[in-house]
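Working through the structure, step by step
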Amino acid sequence: MKFTGTPSYIATRDLQIAVEAAITLEKPLLIKGEPGTGKTLLAYEIARSLGKKLISWNIKSTTSAQQGLYEYDAISRLRDAQLNSDKVSNIRNYIRKGKLWEAFEAEAVPVLLIDEIDKADLEFPNDLLQELDRMEFYCYELDETISARQRPIVIITSNNEKELPDAFLRRCFFHYIRFPDADTLQQIVAVHYPGLQQALLQNAIHLFLEVREKRQLKKRPSTSELLDWIKLLLAGGTRPEELESLQLQGELPPYAGALLKNEQDLNALLYGSTHRSYYS
Amino acid sequence: MAAPTEVTTPEMFIGFILQLREAGLPVGTRELLYLQEALARGVVGTSTDDFYYLCRSLFVKQEQALDKFDRAFAAAFADLSTLPFDPLAEIPEDWLAKNKQLEGLPEEEQQPYLQELFRQLQERFQQLLKDQQERHEGGNKWIGTGGRSPFGAWGYNQQGYRLGQTESRHKRAVKVWDQREFADLDDSRQLDTRQFQLALRRLRLLSHSGAPEVFDVEETIRKTCQNAGVLREVYRPQRSNGLRLLLFLDVGGSMDEHVRLCEQLFSAARHEFQQLEHFYFHNCLYEKVWKDSRRRRSEYMSTESLFQRYRSDYRVIVVGDASMSPYELLYKGGSVEHLNEEPGALWLQRLRQHFPHTIWLNPVPQSEWSYTETIGQIKALFEEHMYPLSLKGLEQAVKALR
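A few points on the structure. What you see is a predicted model; the values in this text were computed from it and never measured.

Scoring rules and cut-offs
- Residues numbered from 1 in each chain as written.
- Chains lettered and ligands numbered in written order.
- Predicted model: local features only at pLDDT ≥ 70, side-chain atom pairs only at ≥ 80, totals over all residues.
- Heavy atoms only, no water.
- Helix = DSSP H or I, 4+ residues; strand = E, 2+ residues; numbered from the N terminus.
- Buried < 20%, exposed > 50% of the residue type's maximum accessible area, 1.4 Å probe, protein only.
- Contact = heavy atoms within 4.5 Å.
- Areas by Shrake-Rupley, 256 points an atom, 1.4 Å probe, with all protein chains shown as cover.
- Arc of directions from axis to C-beta.
- Polar contact = N/O pair within 3.5 Å; in protein donor to acceptor, adjacent residues only side chain to side chain.
- Pairing = 2+ DSSP bridges.
- Phe/Tyr/Trp six-rings, centres within 6.5 Å; stacked < 30°, edge-to-face > 60°.
- Lys NZ or Arg CZ within 6 Å of the ring centre and 35° of its normal.
- Core = buried A, V, L, I, M, F, W, Y, C linked by side-chain atoms within 4.5 Å.
- Patch = residues over 30% accessible without salt bridge, like charges linked within 9 Å, V, L, I, M, F, W, Y side chains within 5 Å.
- Salt bridge = Lys/Arg side-chain N within 4 Å of Asp/Glu carboxyl O.
- Axes fitted to C-alpha atoms, helices over the stretch in contact; angles between N-to-C directions.

**A short note on the overall build of chain B**
Across its full length, chain B holds 18 helices and nine strands. Looking at chain B as a whole, 49% of its 402 residues are labelled buried. Taking as baseline every contact in chain B between residues at least 6 positions apart, the subset at least 24 positions apart corresponds to 70%. Within the structure as shown, chain B displays about 20000 Å² of accessible surface, and the carbon and sulfur contribution to it stands at 49%.

In structure tokens, the structure reads:
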């Protein structure tokens, strides 16, 4: 069971090893990295290439750990009680299974994606320690312990909005997706746009890396922006020479809006600096 | 792969673990056992790069520690032959192929093969580990053994090691971990804008407390239902960011070289806090501060009235290099710009008295603080609450402001 990337996803060697270690030792794998470097995509691709079912749990600021386990829908039960429904007598009818429960119950080992865990409340990761460690939890309403049939492959992504607690980190393996180098970028673009003209590919990546180098940018464009941009270049029939002769100083690349999403960054690219003296 | 666990013993890596701990990575027994298990279960093959990647994913828990890890790894395995996998490279490839065939055999038949091989490996590894320690004690014995080309250093060719690896690996002149690709993620280094925002975002945590005063409809319904329909009210604390921040920024003179850094802090702070006020001063805080440097002569605010206007629950960050002549700090009339009636130190004391949550951020690298007298003096005035303007310093500052 080796994950070596898929036709549409280039996994670097270090990422492959991290995934392999996490799968073999049955530990959650925490993935961090710049936005747009394919953190979430990784779980999808692992599931696809290993032929596993993907269970995706997207975390929001209001998500609680309990929601991943189960929720007891007391309101429905109250309503049903007033309507004299037969369902009322069995509390099981009002237990809504969460993603974790779903993963624990799965027939075959699933891939469980806990996406953007840092969006949730600070205590959220701590509330999941026991569940991820022992792969079981206790359901009070049913007076039952729910344990995983097999340990799911757990992929957790974080954008670093909040720091994760040490106790949680200790239980995970960690991989930081570094921004790809020029070679890897070429491979990535090539799997998405096979048959792309080599000169265009090289010039586009060269220019893209040059844009990324600009120090003043607030949000540096990443892989996903590059892919969007190349799509536009192709749609607009941009010729490789147009990119080659371009001077970044005082001249914007075509479709620059796909690379830089805010005005200040576009200005910074155009005029070389967002310099605003703080004397004024 | 059901290789026996004797392949790697924890002792083999204890030196490495200790080195990591010394570098400040919180690793321990748990990680050691993970590593052993991963090796025993064949997560990586015979490649040293793979071994490095494996260790990295097991021992590093956040990206700031990646660079520390790289350095510790380089130090621990300075002589690559001490890597557990280099000895493995001596095994002819066809044996490795055989190894795979062995999998089908009953365990008793595999054992003698494997045990003999791993006994030899272990012996060799222990020997190398010992040599390594001697090198540390005896000082640089191994470094400078003359003409160490990258490959010579790796010792592959000299000793006739044969590695089951691809061509490209041998073309590479530098070891992966020596490239230190993650150096800029190390939190003891200085910040860029993005990192500033991340760090300041931590100040937002401060505002999550408070008395429960907002009526929570959802929770009330839920609790009431659970309570069999008998009303039970629930209140929750306000979630807004109640933190108020005052920034005092030193401008001009010796601060010019730090302008960019201060600007970044300022814009990140403005982005993060709605209740933010900022004032400028020059070199040291005196009886006047101003909001606009060009009109500072005419439009200023007396520090006295500032104390009256801003309640003492404001958090205060002073940003400055604290580098001045001691006169400017300690004597009346010592300011370079005007005749001050009271010494700057007194104003700094008043500031701290009025705002109990006051800290100083210094853009001068901490290692250079001891060269400037006034840095030490102001640090003492601030009861040691002076922090370097780096990610780590800002983190500590945020903690102190809490």
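**Things to note about helix H9 (residues 182-192) of chain A**
Residue and element names in this part refer to chain A. All buried positions along H9 are accounted for by Thr184, Leu185, Ile188 and Val189. The buried side chains of H9 occupy one side of the element, clustering within an arc of 135 degrees when seen end-on. Tucked into the core, H9 has its buried residues touching helix H10 (198-213) and helix H11 (223-235).

**Re the side chain of Asp115(A)**
Residues and elements named next belong to chain A. Residue placement: Asp115 occurs in strand S5 (residues 111-115). Within polar-contact distance, the side chain of Asp115 engages the side chain of Thr157 at 2.6 Å. Not counting residues within four places of it along the chain, the set of residues in contact with Asp115 comprises Thr40, Trp57, Asn58, Ile59 and Thr157.

**As for the pairing of strand S8 (residues 153-158) of chain A**
Residues and elements named next belong to chain A. Most of S8 sits inside the fold, with six of its six residues counted as buried. Residues Ile153, Ile155 and Thr157 point to one face of S8 and Val154, Ile156 and Ser158 to the other, with burial holding for every one of them. Pairing between strand S1 (residues 29-33) and S8: four bridges, direction parallel. Across the sheet, residue Leu29 finds its bridge partner in S8, namely Ile155. Of the pairings in the sheet, the one linking S5 to S8 comprises four bridges and is parallel in character. Following the sheet pairing, Leu113 is matched in S8 by Ile155.

**Observations regarding the packing of aromatic side chains**
Under the defined criterion, the tally for this structure stands at 24 aromatic pairs over all chains. A ring pair is formed by Phe173(A) and Tyr34(B), whose centres lie 5.2 Å apart and whose planes are at 75 degrees; its orientation type is edge-to-face. Pair noted here: Phe173(A) is in strand S9 (residues 173-177) and Tyr34(B) is in helix H2 (residues 29-40), and the two residues belong to different chains. Taken individually, Phe173(A) and Tyr34(B) each receive the classification buried, so the pair is uniform in this respect. Each member of the aromatic cluster is reached from another via a ring pair, and the members are Phe13(B), Phe16(B), Phe51(B), Tyr52(B), Tyr53(B), Phe59(B), Phe69(B) and Phe73(B). In this arrangement the basic side chain of Arg244(B) is found over the ring face of Tyr314(B), its NZ or CZ atom lying 5.7 Å from the centre. Above the ring of Tyr300(B), the side-chain terminus of Lys288(B) is found at 4.5 Å from the ring centroid.

**A short note on unusual backbone geometry**
Phi is positive for Tyr255(A), which is not a glycine, with a value near 55 degrees. As for its placement among the helices and strands, Tyr255(A) is situated in the loop between helix H12 (240-244) and helix H13 (256-259). The phi angle at Glu383(B) is positive, at roughly 45 degrees, despite the residue not being glycine. Structurally, Glu383(B) can be placed in the loop between helix H17 (373-381) and strand S9 (386-388).

**Focus: the nonpolar core**
Counting 93 residues, the largest nonpolar core has Ile155(A), Ile156(A), Phe16(B), Leu35(B), Leu54(B), Phe59(B) and Phe69(B) as its most contacted members. Not counting the four nearest positions on each side in its chain, Phe59(B) is found in contact with Phe16(B), Ile17(B), Leu20(B), Leu25(B), Val27(B), Glu31(B), Leu32(B), Leu35(B) and Phe69(B).

**Structural notes on a nonpolar patch on the surface**
A cluster of nonpolar side chains, Ile75(A), Phe215(B), Val217(B), Ile221(B) and Tyr235(B), forms an exposed patch at the surface whose accessible area comes to about 450 Å². By the element assignment, Ile221(B) lies in helix H12 (residues 217-226).

**Remarks on the sheet that holds strand S2 (residues 54-58) of chain A**
Residues and elements named next belong to chain A. One open sheet accounts for five strands, arranged S2-S5-S8-S1-S9; its pairing is parallel. Each edge of the sheet is formed by a strand with only one pairing partner; in this case those strands are S2 and S9. Averaged over neighbouring strand pairs, the angle between their axes works out to 20 degrees when direction is ignored.

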